[in-house]
Every structure is written in C-alpha cells, then in structure tokens.
Amino acid sequence: MSGPRTARDVEPLAEAPPEALQRAQARRLLAAWETPRGLRYWSAVNNTEVGVWYTATAFAFFLFAGLLALAMRLQLALPENDLLDADLYNQVFTLHGTVMMFLFAVPIFEALSILLLPQFLGARDLPFPRLSAYGYWSFLIGGVFVCGSLFFGVAPRGGWFMYPPLTTQFDDGVGADIWLLGLSFIEVASIAAAVELIVGVLKTRPPGMRLNLVPLYAWYVLVVAAMILFAFPPLIAGDLLFELERTLDWPFFDATRGGDPLLWQHLFWIFGHPEVYIVFLPSVALVAMIVPTFAQRPIVGYGWIVLAAVGTGFLSFGLWVHHMFTTGLPAISLGLFAAASEAVAIPTGVQIFCFLATLLAGRVVRTASLLFAVGGLATFVIGGLTGVMVALAPFDLQAHDTFFVVGHLHYVLIGGAVFPTIAGIYYYFPLVRRRMLSERLGRVAFWLAFAGFHLTFFPMHFSGLLGMPRRVFTYPAGLGIDLPNLLSTIGAFVLAAGIGLVALDVLRRFRRGPPAPRNPWKAGTLEWLAETVNVPWGVRSIPEIDGRYPLWDQPNLVRDVDEGRFFLPDAEEGKRETIVTSVIDARPIQCLRLPGNSFLPLLAAVFTGGVFILATFHLWWPALISAALAFCFVIAWLWTGTSPTPEKETKDVGLGLRLPLHVSGRDSVGWWATFITMLGDTAAFLSLVFGWFFYWTVHERFPPADARGPGLLWPATGAALLLAAWVLTMAARRCNRRDATAAFHASLCGGAALAVAGSAALLAGPIEAGMDPTAHVHPAIVFVLVIWTVFHVGLGVVMQLYCCARRVAGRLTARLDTDLAVTTLYWHFLALTVVVTVGVIAGFPLASG
Amino acid sequence: MGTRGHRGDGLIRLVLAPSIWATHFLACYAAVAIVCAKVAGRTGTIAGARPWLLGLTAIALAAIGWIGLQGWRAHRHGGGRLPHDEDTPADRRRFLGLATFLLATLSAVAIAYTTLAIVLAGSCR
C-alpha cells in the first residue's frame, strides 16, 4: 500500500513561477475543467454546474410548495369556505408536506453541499462528480413527476406520512403509488449524495487539514450524510412493503391477515424523526460559517459544536415513537421515548449557546444574512420549547393532530431550516454568482418574512389548543378559531411577500449586476479563496492548511494560491485531478483522476426514472425495458469512467511531492464509497428483519402454529451454496494478486454459477412449501426477505462477471484491482445478508419451536 | 505503515460512547416491548425485567465512564490549552479527546434519562 510521502508543514514556493508559466498553467487547467457550451452544457458533471442546478431546482420546488400553502391558507381564512373542495385540499396539503420535506429540505442540503463543500475543502471537485449528476437528474425527474400529478388531479392525498390502512384500503387512485415510487427514486438519489459527501469530507480535504481544523460545515455534512445513510433505508424498506401491498395484495399492514398498520408508522418515523435533524443540522452548519465571519472572530466552543452535531445525530434516532404517542403503545415505551426526546434538547441547545457566545465576544457586523441567521435561531428556540412540551406524552395526548403541532413543526422547520438557508443564500451568493444581493432589499425581506411568519404560525398554537384538528378542509363558525385562522392567512401572505422579495432579488442578480469584491465579508475560511471571475477549477492551486481560519491565520495565502505556489497548479496531461488525503491528519496519499463531462449519468437517470414512473401505472413491459436500458447505461458509465488505467505510476504534484495515480483496497475512494453504500443497504435489510420480529411480538405465535414454513432443507442448501460462492470470490482476489489468470476466471465463474444455484435453492424453500404471500403476513415477509437476498445475489453475480470482463479487457490487473476489491467487499455484506435471512426464516422458527 | 495504524481510530473512539447509548436504549426498548407483549401482558408491569435493565445500565455507564476518562486524559495531554487549533498531531489528539469526553458526558446523561423512565414508569398499559 501507499504511505504518506510528505513532510509536515509544507511551505509554498518561495518565488512565484514566471508569469508566462502561470498563464500556461491556467490555460491548461481551464482546458481540463472547461464547462461545455450549447446542448452539451447539460452533460456537465462539475460541482459548480450541478450544484447550481440542484440548488435552483430545490428552490423552485420550495416556491411551488409555498404556493400550495397559500392556497390552503386562503381556504382556511374563513369558516365554511368553498374555494378548495375536500379532495383537492387533501391533495394540496399532502403535496405541500411531501414537497417541502422530500423535494426541498433534504435536497437543498445536498445541493448546497455539492456546490460548496469542494470550496470549503480547497478541492477541485468531489470524488464522484458523475454520481452527483446522476443524483441531480434523478431528483429532477422524480420531483417533476410527483408535483405534476397535482395538475392531473391524481396527486397523493393521504398526508405526507401516508398512513395505512387509509392509503392501502380506502384509496384507489394512483396518488399513493406516485408518492411511494416517486419518492423511493428520490431517496435513492439522496443516499447517492450522502455517499459522495461522506467520502468527500473524509478523503478530499486539503493537505494539513487535520480533524481539529476541519470547517464546522464539513463536520455537520459528515454527521448529516451518515444520518441519511441510516434514516432513509428504513423508509425505502417500508415503501417496498407498502407498494407490494398495494400492487400484489401482500398483507403487511392488513390486520385481518396478520399484518399491522403500526409497522408502517415505525418504519416511517425511524426515518421521519432523524429527518427533522437531517433538515435542521445543515442549516445550523451554515449559521456556524456565517456567525464567526460577522462576529469577526473564531467560533467559541468548536469542540462543543462538534459534540452537538454528533450527539444530536445519535440521539435523533431515539425519538421516533414520540410521533406515535397516541397509538396505544405501553406506557413504559412512551416513557423511554419521552426521555430521549427531552435529552436531545441538550446538544441542540449547546450549539445555540456557542453562537450567542461568539456574537457576544466579537464585534458584530450587521447584515441581512446575519439577520436571517439570528432571526431563524430565535424562531427555532420557540419551536424547540413547544417541542419540549409535546415530547411529554400526557400533553401530547391533548395536542396530537391539532394545529398546535402544525404551529410547533413550522417554528422548528422554518426557524431551523428555511431562515438559515436564506441567510446562506445572502452569504454565499457572491461566492457562487460573483455578485452581491441587495442589503436593503434583504432587510426589508427579512422583516416581512419574520413578522409574517410569527403572525401565521403563532395563532396556530391557540387554534390547536381550542381543538382545531390538522388536515380538515374547513371548520364551522363560532368555535373561537375564526380570528386565529384569519390572522394566520394574513400572516402567510406577508411571509410570502418576504420570500418573494428574496426570490426576485436572486433572479435580478443572477446574470447581471455589479461585481462582488473578492471575499466581500472578510471571512476566514477557505471557500473565500474564490476568484472574482467565474473559473471552473475551484482553486488555482491546492493549499497546505495550518489553522481553522486559513485566510485569517496564514499570511499571503490568497497570493500563494493564485500564483500556483501550492499543489497541483497545472493540468499537464489535460486531466481533471484533485488530491486525496488520509482521514485523520489529511496527509496526501493519491492524485485522483476525476471523470469528465458525460451524458451517461443523465441517460441512466432518465431510464431509472422510467422504471419507477412506468411501474406506477402498471406498465410492466415498458418498465422492464427501461430497467434494462438503465442497466446498460450504468454499465457503460462504470466501464468507461471508473478505475481508469493511468499512463504512469506516480505524478509530481508540486513542492517536491510525488503521489501515486492509483491506489487500491482501503485507500481508494471507490472502496470507501462501496463500504458506505453497503452500510445503508444493510440498514434497509435490517428494517425488513425488524418487520419479521415486529410481527413476532404482536402475534401470540409467529409463525402461526398452522403455518407452512420454508423448512430447513432448501434454505440451508441455498446458504451453503451462496457462502461457497462468497469463498470463491475471495479466492479470486488471491488468484488475481498472484496473476493466476485461469484460476481467477475459474473462481469467479464458479462463484457465479454457485450463486445462481444458491438463489434457486433459496426461492425453492417457500415455493415448494406452497406458501401463499397474499394469504397471511408470514409467507409475505418470508418471500420479501428471500427476494431481497436473491436480488442482491443477482447484483453480486453481475459484479463477478464484470470483473472477469475487465480482466479479459486488460482493465483489471494484479495491481489495478479496485473493481475486484469492491466486488469482494460487496460479497462480505452479501454473506451477512444470506446468513441473517436463512437464520430468520428457517432458524428462528426452529429454535423457538 | 503510516496511515494503517490509526486510520479512523480517533473517529471510532469518538462515536463509541453514543453508540453505547444507542445500544442501551434499543436494548431497553426491545426488552420492555417483549416483556409487555410476551410475558407480563398489557395489564402487567416490567418489574421483573427491571433489575436486569439496571444491571445493563451500570455496565453501560461504567464503559462510558472509562471512555470519557480516556478522552479527558487525551484532552489534557502535555498541558495543551483550548481551543486545540494548532496544526500538530498532538493538538488534533487533544481535540478528539475533548470531543470524546463531551460526547461521553452527553451519553451518560441520556442513559440516566432512559433509566429514569425504567425506574419511575413501569406499566405496560
């Protein structure tokens, strides 16, 4: 393996390179990173383009969902109003919540992170730019599909959490399917972005940026991306069960056939509560970057903020049942979750105190950006306090499903996420578009939005306490809720005026306006190295970092970076490159070649989207063809874009440092990405296993006494064959290292054959036993676990054969073996899946008699 | 060689204490859910399981205490002073020590909250 090759504390070149050389370097960098023009513009994968598209699209969905909110407020302005009928109102509130959560709140984090993270880290781009592009296109297609359904009157109408049995037994339309399939598709894109961001923070920091010097935003990104990785998979598992019930009538949530609607609530809220923090933490991360700049001093309590970020990330997974306090769970269970819900207030409060301390200790510069940040925090604190109230089960029993909760959650989400994000837009607009937004308009917008917000949502606490339930399309006069509702509606329009001003200003200055000076806020963090003209390469040369605020701490840093006195000032070979460093101390370990622009991610996303969209309307054959096309484009993308064979072993990256162009195994970014993806995949699988044990607890006997099971013979045979395939895959890696080509191919092909046989044996279990998945939930959950495993085995076989093909084509050698390392890693996880599946479906019933 | 020895070790130590909280929390939740569903019934209490859960709490707190102590020692190592922002492996180690210590403290408090529920409430209704 490759070790670190750098001495500590590299100094920049003492003398600037000659001007002619600097110009030639800049020309070559530009040639490598240039943004394509014309129609080919849409093949761009660079974070500077994809990040802007992503942000703009998420913001457009935000405005759309905002208009839906105004429609709701108009309907509720007066008692017995008939502007919207009940059905349309149901669609509008469902879509409002869904779009805000899935198409704005989470994607805006991914968008801003893809856009800004490389700048924070002085990197040229994130390690998998094509994956970002794929994620963006998936998001756009899925989002337009879900939103578009409203204009055909078929939008989902079961509320943003889609509780069965309402949505499984009493909703015939395609709305619920649009919700399930459209959002599953977007969730996959979110997980892709999470993988990209985790690897980005861990592996593409600039040399010298040790863990104690990382910008706080990157800490938050790491925490939030890890949360996405464990929070979204349970929902994907839930979506799978839900769609199987709606399409094939497998009774996972049907109590008459052994199912239980509460399982959906568990799976949804195991996702849904961390989701609140997934939305909140990135916005606090923006505040953590903004506050030190406008206080003109380093953050107070850096270590405490890291504690808060990591601590909140963990505790937020112990809160989900507080959304289910009224479902009749045992009092002791409610107690446990109420306790954790109160505990999470501690780390949440810590970071707010750190910001206040920083502002008190510094000399504050007042700007529109800071106004939005501080106003957001103040609002969030109020939402946090009502949160402490509803976290108490007895109070929640009164307030549950009333407008009190609506008021509470909007204080948390608008105060905690929307206002800080707008603060971020004011703060980073000069970085992204090289123009300033208007301070004056910004202040007016803030006061309109702030006053409008409180006028809208504060009265909701009262209408809620007076008994107004959520999600009713109208109410009778004279209950004492007429005035609060009218005030809320007036407030909503004032709030909308504020947001509208921001949107207008952004549009006005997007393409024209006075140029912004460099580092207009005199900030200390690395992203403000950005030059005044838009250049696609990120940083001119990648600096060595000595402190948390390099622009304040390191004299001449801007000059040295601009003159190319640091690392990678050139692109001699005309390739896109960035530096990969070690996790803890950020020592350079590789010069990573990044893939360039391509239409493949776009095409792959179009046909992946096709699968989900066509399946919604039960067009199975077209969906299958779309799946085949998506598969072909993904393979083409992998084949041409990943693990390129470098033309030389190492490369001089400047300042006397030579780095390898290829590393394999645990040093490669591909290995990390696979490992992280498989953690998420395992989380989804374990959610299905949780389903099995959930049914076990709610039934007297599970499997039921008279149930036919898959027996022991077939599952055990399947497990034996699949584990043998796993062993052969590991053997193939050894053969490859020894360059024993024939043995390599024999092991992998043999492994593939055993895997196919093993899958057949696994499937034979429930089929031979004549289990009927529509009859009862037991056969249904057995089938789901088996199909999940067999599907993953199928992917494993594709990976084995892919490696064989790569070896034949000379793209996989004894040394360049990342593809094989990744395949082996995948099979480790697969072996675990096989063992657990067989243990649950065959072993557990045997052991429990 | 070089990176292999401590690749990610510091990060793993950092999340160890909250992971213990998560394990303890899940164990308590699973235990009370199973006791209520399978043993005590919906009118019963978790009294029988309580000593076991308190024992588990003691083990978890002891482990977290040990991790927190290690973190505190790393934080104080060599007389380093806050804010631990020097560009040296020693200060990076102190910073990770401080964060580990703080997370251990938070995890201990959160476990105490969980245990309060176990001690004060016990009904399966």
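Just so we're clear, the structure is a prediction, and the values are computed from it rather than from any experiment.

Colleague: Would you take a moment to explain the overall build of chain A for this structure?
Modeller: Counting its secondary structure elements, chain A contains 25 helices and four strands. For chain A, whose C-alpha radius of gyration is 28 Å, the value lies close to the compact-globule estimate of 29 Å for 849 residues. Each principal axis of the C-alpha distribution contributes one length, and for chain A these read about 80 × 75 × 50 Å. Taking the intrachain contacts of chain A between residues at least 6 apart in sequence as the baseline, contacts between residues at least 24 apart amount to 82%. Total accessible area on chain A stands at roughly 29400 Å², and carbon and sulfur atoms take up 69% of it.

Colleague: Got a minute to help me understand the interface of chain A and chain B in this structure?
Modeller: Accessible area lost during the coming together of the parts is what is often quoted as the interface size. Taken together, the 58 residues of chain A in the interface contact 50 residues of chain B. With both sides pooled, the region where chain A packs onto chain B buries about 4500 Å², and carbon together with sulfur makes up 73% of that total. In this structure, Arg 92 of chain B engages Asp 585 of chain A in a salt bridge whose closest nitrogen and oxygen atoms are separated by 2.6 Å. Scanning the region where chain A abuts chain B turns up 12 residue pairs in polar contact (both at pLDDT 80 or more). Residue assignment for the side of chain A that touches chain B shows that the elements contributing at least two residues are helix H9 (302-315), helix H10 (331-343), helix H11 (345-361) and helix H21 (669-698) of chain A. With 10 residues, the top contributor of residues to the side of chain A that touches chain B is H10 of chain A. A breakdown of the residues in the side of chain A that touches chain B according to their chemical character gives 32 nonpolar, 14 polar and 12 charged.

Colleague: Just to check I follow, could you spell out H9 of chain A for this structure?
Modeller: For an α-helix, 3.6 residues make a turn, and residues three or four places apart therefore share a direction. The first and last C-alpha atoms of H9 of chain A sit 20 Å apart over 14 residues, in line with the 20 Å expected at 1.5 Å per residue. Taken residue by residue, H9 of chain A has Tyr 302, Gly 303, Ile 305, Val 306, Leu 307, Ala 308, Ala 309, Val 310, Gly 311, Thr 312, Gly 313 and Leu 315 of chain A as its buried positions.

Colleague: Where do I start with helix H4 (residues 129-148) of chain A in this structure?
Modeller: Taking 1.5 Å as the rise per residue, H4 of chain A with 20 residues should run 28 Å; its terminal C-alpha atoms sit 28 Å apart, in good agreement. With 16 of 20 residues buried, H4 of chain A lies mostly within the body of the structure.

Colleague: Please explain a nonpolar patch on the surface as it appears in this structure.
Modeller: Residues and elements named next belong to chain A. Side chains of Leu 78, Leu 455, Leu 483, Leu 486, Leu 487 and Ile 490 sit close together on the surface and give an oily, nonpolar patch of about 490 Å² of accessible area. Per element, the largest residue contribution to the nonpolar patch is four residues, and it comes from helix H16 (residues 482-511). Note on placement: Leu 483 falls in helix H16.

Colleague: Please clarify how the pattern of salt bridges should be interpreted in this entry.
Modeller: Residues and elements named next belong to chain A. With the rule as written, the count across this model stands at 30 salt bridges over all chains. We note a salt bridge from Lys 651 to Glu 577, for which the minimum N-O separation is 2.9 Å. Residue Lys 651 is located in strand E3 (residues 650-654), and its partner Glu 577 is located in strand E1 (residues 576-581); the two are separated by 74 residues in the primary sequence. Each member of the pair, Lys 651 as well as Glu 577, is classed as buried.

Colleague: It is not clear to me how the packing of aromatic side chains should be interpreted in this structure. Could you clarify?
Modeller: Here a ring pair, both rings aromatic, is described through the centre-centre distance and the interplanar angle of the planes. All names here are of chain A. Summed over the entire model, instances satisfying the criterion amount to 82 aromatic pairs over all chains. Where Phe 294 meets Trp 521, the ring centres are 5.4 Å apart and the plane angle is 75°; that geometry is what we call edge-to-face. Here the residue Phe 294 occupies a position in helix H8 (residues 261-295), and Trp 521 occupies one in the loop between H16 and helix H17 (550-553), the gap between them amounting to 227 residues. The same class applies to Phe 294 as to Trp 521, namely buried. For the ring pair Trp 696 and Phe 844, a centre distance of 5.6 Å and an interplane angle of 90° mean the geometry is edge-to-face. Of this pair, Trp 696 sits in helix H21 while Phe 844 sits in helix H25 (residues 818-847), and the two are 148 residues apart along the sequence. Classification of Trp 696 as buried rests on a relative accessible area of 19%. An aromatic cluster is present here, built from Phe 102, Trp 160, Phe 161, Tyr 163, Trp 179, Phe 232, Phe 242, Phe 253, Trp 264, Phe 268, Trp 269 and Phe 271 joined pairwise through their rings. The ring of Phe 510 is capped by Arg 433, whose NZ or CZ atom sits 4.0 Å from the centre of that ring. Across the ring face of Tyr 302, the terminal group of Arg 548 is positioned such that the distance to the ring centre comes to 3.6 Å.

Colleague: What is the right way to read the side chain of Ser 626 of chain A from this model?
Modeller: All names here are of chain A. Within the secondary structure, Ser 626 is located in helix H20 (residues 620-641). Residue Ser 626 is classed as buried on the basis of its relative accessible area of 5%. Ignoring sequence-local partners within four residues, the contact set of Ser 626 consists of Phe 607, Gly 610, Val 611 and Leu 614.

Colleague: Hey, could you run me through the nonpolar core in this one?
Modeller: A general tendency of soluble globular proteins is for nonpolar side chains to be buried together. Residues and elements named next belong to chain A. Ranked by size, the top nonpolar core spans 306 residues in total, and within it Leu 117, Trp 219, Phe 252 and Phe 372 carry the most contacts. Counting residues per element, this core draws most heavily on H8, which supplies 24 residues. Within the second largest apolar cluster, eight residues are counted, among which are Cys 803, Cys 804, Leu 812 and Leu 820.

Colleague: Can you walk me through the state of the cysteines in this structure?
Modeller: Formally, a disulfide is one covalent bond, and it connects the sulfur atom of one cysteine to the sulfur atom of another. Within this structure, the stated rule accounts for one disulfide over all chains. Sulfur-sulfur distance for the disulfide between Cys 36 of chain B and Cys 124 of chain B comes to 2.0 Å. Taking the sign of the S-S torsion, about -75° here, the bridge from Cys 36 of chain B to Cys 124 of chain B comes out left-handed. Of this pair, Cys 36 of chain B sits in helix H2 (residues 9-40) while Cys 124 of chain B sits in the segment after helix H4 (89-120); the two residues are 88 residues apart in sequence, bridging distant segments of the chain. On the basis of relative accessible area, Cys 36 of chain B is assigned to the buried category, the value being 2%. No disulfide involves Cys 803 of chain A; its nearest neighbouring cysteine sulfur is the one of Cys 804 of chain A, lying 7.2 Å away. Residue class for Cys 803 of chain A comes out buried when judged on its relative accessible area of 0%. With no disulfide partner, Cys 804 of chain A has as its closest neighbouring cysteine sulfur the one in Cys 749 of chain A, 4.0 Å distant. Classification of Cys 804 of chain A by relative accessible area gives buried; the value is 8%.

Colleague: I tried to follow the side chain of Arg 806 of chain A on my own but got confused; where do I start?
Modeller: Residues and elements named next belong to chain A. Looking at the element boundaries, Arg 806 is found in helix H24 (residues 777-808). For Arg 806, a relative accessible area of 0% corresponds to the buried category. At a separation of 2.9 Å, a polar atom in the side chain of Arg 806 contacts the side chain of Asp 819.

Colleague: Quick question: what am I supposed to make of the packing of helix H3 (residues 86-120) of chain A against H4 of chain A here?
Modeller: Residues and elements named next belong to chain A. It is at 12 Å that the axes of H3 and H4 come closest, and there the two elements cross at 165°. For the element pair H3 / H4, the angle class is roughly antiparallel. Note that H3 runs across H4; the crossing there is left-handed. On H4, the residues touching Leu 95, Val 99, Leu 103, Pro 107 and Ile 114 of H3 are Ser 132, Phe 139, Gly 143, Val 146 and Cys 147. Counted by class, the contact of H3 with H4 contains eight nonpolar, two polar and no charged residues.

Colleague: Is there a simple way to explain the pairing of E3 of chain A in this structure?
Modeller: A regular strand places its side chains so that they alternate between the two faces of the sheet. All names here are of chain A. Where E3 and strand E4 (residues 657-660) come together, four bridges link them in antiparallel fashion. By the bridge assignment, Thr 650 is partnered in E4 with Pro 660. The hairpin formed by E3 and E4 contains two residues between the paired strands, and Leu 655 there has a positive phi angle of roughly 55°.

Colleague: Even after reading the chapter, I still don't get unusual backbone geometry, so can you show me in this structure?
Modeller: All names here are of chain A. A cis geometry characterises the amide bond from Pro 164 onward to Pro 165, with omega recorded as 5°. Following Phe 702, the chain continues into Pro 703 via a peptide bond in cis, with omega recorded as 0°. Counting through the fold element by element, Pro 703 comes out in the loop between H21 and helix H22 (713-737). Positive phi outside glycine occurs at Asn 556, with the angle close to 65°. One can find Asn 556 in the loop between H17 and helix H18 (557-562). A relative accessible area of 45% places Asn 556 in the partly exposed class. The backbone of His 618 sits at a positive phi, close to 60°, despite the residue not being glycine.

Colleague: Looking at this model, I keep getting lost on the environment of Thr 774 of chain A. Mind explaining?
Modeller: Residue and element names in this part refer to chain A. With respect to the element layout, Thr 774 can be found in the loop between helix H23 (741-768) and H24. Judged by its relative accessible area of 28%, Thr 774 is partly exposed. As a C-alpha pair, Thr 774 and Glu 245 span 529 residues in sequence and 8.8 Å in three-dimensional space. Apart from residues no more than four positions distant in its own chain, Thr 774 is found in contact with Leu 248, Asp 249, Trp 250, Pro 251 and Arg 257. A distance of 2.9 Å separates a polar atom in the side chain of Thr 774 from a polar atom in the side chain of Asp 772.

Conventions used here
Every chain's residues receive numbers from 1 upward, in the order its sequence appears when written. Whichever chain is written first is A, and whichever ligand is written first is 1; the rest continue in order. Per-residue local features of the predicted model are confined to residues with pLDDT of at least 70, and side-chain atom pairs are confined, for both listing and counting, to 80 or more; whole-chain, interface and lining totals are unaffected and use all residues. Note: side-chain values were computed over all heavy atoms of the structure, leaving out hydrogens and water. The secondary structure listing takes helices from DSSP runs of H or I that are at least 4 residues long and strands from runs of E that are at least 2 residues long, numbered from the N terminus. The globule rule used for comparison is 2.2 Å times the number of residues to the exponent 0.38, while the radius of gyration itself is calculated over C-alpha atoms. By the convention used here, residues are in contact when the closest approach between their heavy atoms is within 4.5 Å. Surface accessibility follows the Shrake-Rupley procedure with a 1.4 Å probe radius. Residue values consider only the protein chains on display as shielding. Summed over both partners, buried area is the accessible surface (1.4 Å probe) that two parts give up on being assembled. Throughout this description, the term salt bridge denotes a Lys or Arg side-chain nitrogen within 4 Å of a carboxyl oxygen of Asp or Glu. Polar contact criterion, stated in full: a pair of N or O atoms within 3.5 Å, where within protein one must be able to donate a hydrogen and the other to accept it, and residues adjacent in sequence count only if both atoms are side-chain atoms. Amino acid classes used here: Ala, Val, Leu, Ile, Met, Phe, Trp, Tyr, Cys and Pro are nonpolar; Asp, Glu, Lys and Arg are charged; the rest, including Gly, are polar. A helix is expected to span 1.5 Å for every residue after the first. Think of it in three bands: residues with accessible area under 20% of the maximum for their type are buried, residues over 50% are exposed, and the middle band is partly exposed, with areas taken using a 1.4 Å probe on protein chains only. Within the patch definition used here, like charges are joined within 9 Å and nonpolar side chains (Val, Leu, Ile, Met, Phe, Trp, Tyr) within 5 Å, considering only residues with over 30% relative accessible area and no salt bridge. Stacked, tilted and edge-to-face are the three classes applied to pairs of Phe, Tyr and Trp rings, where Trp contributes its six-membered ring and a pair requires centres within 6.5 Å; stacked means planes under 30 degrees apart, edge-to-face means over 60, and tilted covers the rest. Sitting over a ring, as applied to charges here, requires NZ of Lys or CZ of Arg to be within 6 Å of the ring centre and within 35 degrees of the ring normal. What is meant by a nonpolar core is a set of buried Ala, Val, Leu, Ile, Met, Phe, Trp, Tyr and Cys residues, joined one to another through side-chain atoms within 4.5 Å. What counts as a disulfide here is a pair of cysteine sulfur atoms lying within 2.5 Å. Angular values range over 0 to 180 degrees, each being the angle between N-to-C directions of two axes fitted as lines to C-alpha atoms, with helices fitted over their stretch in contact. Oblique is the label for any angle not covered by the other classes, which are roughly parallel (under 35 degrees), roughly antiparallel (over 145) and roughly perpendicular (65 to 115). Should the near helix be turned anticlockwise from the far one by less than a right angle, the crossing is left-handed, and should it be turned clockwise, the crossing is right-handed. When DSSP finds two or more bridges between two strands, those strands count as paired.

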